[in-house]
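The lines below spell out each chain.
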Amino acid sequence: MKTLLSALVLTAASVLPVSAGIHDFSPSNAAPTPTRTKARVGQGQCITTTDQSRICYVKTSVSNFSIAIRDVDYPNAVETAHIDCSTGRWNAYGDLPKATLELYLSDFCPTFG
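Residues numbered from 1 in each chain as written. Predicted model: local features only at pLDDT ≥ 70, side-chain atom pairs only at ≥ 80, totals over all residues. Heavy atoms only, no water.

A. Seen up close, the sheet that holds strand S2 (residues 54–59). Pairing in this open sheet of five strands is antiparallel, and the strands run S1-S2-S3-S4-S5 from one edge to the other. Edge strands, defined here as strands with exactly one partner in the open sheet, are strand S1 (44–48) and strand S5 (89–93). Averaged over all pairs of adjacent strands, the angle between strand axes in this sheet comes to 15°, irrespective of strand direction. With seven bridges connecting them, strand S3 (residues 64–70) and strand S4 (residues 78–84) associate as antiparallel partners. For Ala 68, the partnering residue across the bridge sits in S4 and is Thr 80. With respect to the sheet, helix H3 (residues 98–106) is in contact with S2, S3, S4 and S5, its orientation differing from that of S5 by roughly 130°. (Pairing = 2+ DSSP bridges. Helix = DSSP H or I, 4+ residues; strand = E, 2+ residues; numbered from the N terminus. Axes fitted to C-alpha atoms, helices over the stretch in contact; angles between N-to-C directions. Contact = heavy atoms within 4.5 Å.)

As structure tokens, then:
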């Protein structure tokens, strides 16, 4: 009986939809197109993901960005980050888990830098 119950739980867990998260962010939606160029120093923008998370940034120098992240999976946490696209190094302050930050920041420079 316990084996049957375990099998049912595993089956239900694999079929039920998972909540949306950072994987809904598509850098191609924000990447420069022929009519849109990458930001210049002092410029930036905000992007809303399909799960309603938000990332806003401003370019502070040729290779540096200041970034604010609001992830719907962590509604009480607001994160601020700085990334140097020439080195890939970043620092962040706030309550988002490091794994979540790495998902946002790993594609940031190729997309916006």
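Having seen it, we continue.
B. Structural detail: the pattern of salt bridges. In the structure shown here, the tally under the stated rule is one salt bridge. Between Glu 102 and Lys 98 there is a salt bridge, and its shortest N-O distance comes to 3.9 Å. Taken as a pair, Glu 102 and Lys 98 lie in helix H3 at a separation of four residues, close to a single helical turn. Residue classification places Glu 102 among the partly exposed positions, given a relative accessible area of 37%. (Salt bridge = Lys/Arg side-chain N within 4 Å of Asp/Glu carboxyl O. Buried < 20%, exposed > 50% of the residue type's maximum accessible area, 1.4 Å probe, protein only.)

C. Structural context of the state of the cysteines. For the structure shown, the criterion picks out two disulfides. Sulfur-sulfur distance for the disulfide between Cys 46 and Cys 56 comes to 2.0 Å. A torsion of 115° about the S-S bond marks the disulfide between Cys 46 and Cys 56 as right-handed. Of this pair, Cys 46 sits in strand S1 while Cys 56 sits in strand S2, placing them ten residues apart in sequence. (Disulfide = S-S within 2.5 Å.)

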